[in-house]
Amino acid sequence: MTMREKIEEAASRYPDQRSAIMPALLIAQREHGHLPGPVLEEVADILGVERIWVYELATFYTLFHTEPVGIFHLQLCDNVSCMLCRSEDLLRHLEEVLGIKKGGTTPDGLFTLSTVECLGACEMAPVMQVGDDYHGDLDIARIDALLDRLRATVRQATGADLVAPGPPGE
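Residues numbered from 1 in each chain as written. Predicted model: local features only at pLDDT ≥ 70, side-chain atom pairs only at ≥ 80, totals over all residues. Heavy atoms only, no water.

- Naming follows an unreviewed UniProt entry, where the chain appears as NADH-quinone oxidoreductase subunit E of Mesorhizobium kowhaii.
- UniProt lists a comment for the chain under the heading Catalytic activity (unreviewed entry), and it reads "a quinone + NADH + 5 H(+)(in) = a quinol + NAD(+) + 4 H(+)(out)".
- Taken from UniProt, the Sequence similarities (unreviewed entry) comment for the chain reads in full: "Belongs to the complex I 24 kDa subunit family." (UniProt positions renumbered as here; feature names shortened; annotations may be inferred.)

Take a look at the structure:
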């Protein structure tokens, strides 16, 4: 089934095509990995809605990516509850062990590191979303264990031996 067919099928479940924008964007992102301008225009054209409506949703919600992201998109909450639980220290640690700054992607394309305003999981603060999964009550040891598990997942799937980048300057 083509992306167009998937979007049309999803849109058929909604009384208004505008209501189908978010499911259509999810379908397009699964197909393309991210949502560059031409893909957003294609989604709008398929649904027959204003392009700005599609663009607004794609750029407002953190689950949509208009730029390429790594295999694992690490989205660390930096809102008040998480900040009070030292999320800033976790961000600095992630930047150091991954060898990238916030907004960057590791050279191997494995990790993209972002901060988000709120993940709505204050009871788990500090919290980070990786893909569709939430990881809470984080500390440096839990972050390191999570990164090891994520690398092992890729290693198992590809057979590649991934080497973790060291701190910048090494």
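This is not the end of the story, as more comes after the structure.
## Examining helix H6 (residues 87-98)
1) Next: For H6, spanning 12 residues, the distance from its first C-alpha to its last is 16 Å, which sits close to the expected 16 Å at 1.5 Å a residue.
2) Next: Residues of H6 that are buried: Ser87, Leu90, Leu91, His93, Leu94, Glu95 and Leu98.
3) Next: Where H6 is buried, its residues meet strand S1 (72-77), helix H5 (80-84), strand S2 (111-116), strand S3 (128-130) and helix H7 (140-158).
4) Next: Glycine 99, located one to two residues past H6, shows a positive phi value of around 70 degrees. (Helix = DSSP H or I, 4+ residues; strand = E, 2+ residues; numbered from the N terminus. Expected span 1.5 Å × (residues − 1). Buried < 20%, exposed > 50% of the residue type's maximum accessible area, 1.4 Å probe, protein only. Contact = heavy atoms within 4.5 Å.)

## So, the environment of threonine 105
1) Next: Mapping threonine 105 onto the fold places it in the loop between H6 and S2.
2) Next: For the pair threonine 105 and valine 69, spaced 36 residues apart in sequence, the C-alpha to C-alpha distance is 6.8 Å.
3) Next: Here the side chain of threonine 105 touches threonine 112 through a polar contact of 2.7 Å, side chain to side chain. (Polar contact = N/O pair within 3.5 Å; in protein donor to acceptor, adjacent residues only side chain to side chain.)

## Examining the packing of helix H2 (residues 21-32) against helix H3 (residues 37-47)
1) Next: The geometry of H2 relative to H3 is characterised by a closest axis approach of 10 Å and an angle of 135 degrees between their N-to-C directions. Looking at the two axes, H2 sits oblique to H3. In terms of crossing hand, the pair formed by H2 and H3 is right-handed. For the pair H2 and H3, the contacting residues are Ile21, Ala24, Leu25, Ala28 and His32 in the first and Val39, Leu40, Val43 and Leu47 in the second. (Axes fitted to C-alpha atoms, helices over the stretch in contact; angles between N-to-C directions. Parallel < 35°, antiparallel > 145°, perpendicular 65-115°, else oblique. Left-handed = near helix turned anticlockwise from the far one by under 90°.)

## Quick notes on the pairing of S2
1) Next: Counting buried positions along S2 yields five of six residues, so the element is predominantly enclosed.
2) Next: Strand direction decides the pairing type here: S1 and S2, joined by six bridges, are parallel. Bridging from a neighbouring strand, cysteine 77 pairs with valine 116 of S2. (Pairing = 2+ DSSP bridges.)

## A look at the pairing of S1
1) Next: Burial runs high along S1: six of the six residues are buried.
2) Next: Burial along S1 is two-sided: the face carrying Phe72, Leu74 and Leu76 and the face carrying His73, Gln75 and Cys77 are both buried.
3) Next: Of the pairings in the sheet, the one linking S1 to S3 comprises three bridges and is antiparallel in character. Looking at the pairing, leucine 76 lines up with methionine 128 of S3.

## A few points about the UniProt feature "binding site: [2Fe-2S] cluster" (unreviewed entry) in the chain
1) Next: Those residues carrying the UniProt feature "binding site: [2Fe-2S] cluster" (unreviewed entry) are Cys77, Cys82, Cys118 and Cys122 in this numbering. Spatial clustering of the annotated residues is evident: they stretch over 46 residues in sequence, but the largest pairwise C-alpha distance comes to 9.3 Å.
2) Next: Position of cysteine 118 among the secondary structure elements: in the loop between S2 and S3.
3) Next: Excluding anything up to four places from it in sequence, cysteine 118 contacts Cys77 and Asn79.
4) Next: As for its position among the elements, cysteine 122 is in the loop between S2 and S3.

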